[in-house]
Amino acid sequence: MMAPTPYALMDNETLERTEAELVQELELRESQSSELSPVPAFATMPSEQLEDMLGDVRANLAGREAQAAAATS
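Model, not experiment: these values are computed from the prediction.

Parameters at a glance
- Residues numbered from 1 in each chain as written.
- Predicted model: local features only at pLDDT ≥ 70, side-chain atom pairs only at ≥ 80, totals over all residues.
- Heavy atoms only, no water.
- Helix = DSSP H or I, 4+ residues; strand = E, 2+ residues; numbered from the N terminus.
- Rg over C-alpha atoms; globule rule 2.2 N^0.38 Å.
- Buried < 20%, exposed > 50% of the residue type's maximum accessible area, 1.4 Å probe, protein only.
- Contact = heavy atoms within 4.5 Å.
- Polar contact = N/O pair within 3.5 Å; in protein donor to acceptor, adjacent residues only side chain to side chain.
- Salt bridge = Lys/Arg side-chain N within 4 Å of Asp/Glu carboxyl O.

**Q** Mind showing me how you'd approach the overall build of the chain here?
**A** Along the backbone of the chain there are three helices and zero strands. In terms of overall dimensions, the chain is more spread out than a globule: its C-alpha atoms have a radius of gyration of 14 Å, far above the 11 Å expected for 73 residues. Considering only C-alpha atoms, the chain reaches an extent of 45 × 25 × 15 Å along its principal axes. Here the chain, with 73 residues, has 25% of them falling under the buried criterion.

**Q** How should the environment of glutamate 25 be read in this particular structure?
**A** With respect to the element layout, glutamate 25 can be found in helix H1 (residues 12-31). Under the relative-accessibility criterion, glutamate 25 is labelled buried at 5%. The sequence separation of glutamate 25 and leucine 36 amounts to 11 residues, and the corresponding C-alpha distance is 8.9 Å. Discounting residues that sit within four places of it in the chain, glutamate 25 has contacts with Ser37, Pro38, Phe42, Ala43 and Leu50. Only 2.9 Å separates the side chain of glutamate 25 from the side chain of arginine 29, close enough to count as a polar contact.

**Q** When you look at the pattern of salt bridges in this model, what are you seeing that I'm missing?
**A** Under the criterion given, the structure shown has two salt bridges. A salt bridge links glutamate 19 to arginine 58; the shortest N-O distance between them is 2.8 Å. Within this pair, whereas glutamate 19 is found in helix H1, its partner arginine 58 is found in helix H3 (residues 47-72), the two being separated by 39 residues in sequence. What makes arginine 58 partly exposed here is its relative accessible area of 41%. Across the salt bridge formed by glutamate 25 and arginine 29, the nearest N and O atoms sit 2.9 Å from each other. Note that glutamate 25 and arginine 29 are positioned in helix H1 at a spacing of four residues, about one turn of the helix. Taking relative accessible area as the criterion, arginine 29 reaches 25% and is therefore assigned partly exposed.

**Q** For this particular structure, what's the right way to read unusual backbone geometry?
**A** What you tend to see is this: most non-glycine residues have negative phi, and most peptide bonds are trans. Even without glycine at this site, glutamine 32 takes up a positive phi of about 55°. If you trace the backbone, glutamine 32 turns up in the loop between H1 and helix H2 (40-43).

In structure tokens:
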């Protein structure tokens, strides 16, 4: 059995905040803004890694939404 990802251990609020921070960091890079990164650790990561993390976070949120929908139907 695979160990859970760190995202699987986060609550929805933390996942949503992390998603917003990743999106903000990627948008800052695209605009080449001089604004500081919302999360200093993100500033040193390659964009590809941030995009992978964003995909993982979004997949986790989508999985939770699907589980919740299945549980209520």
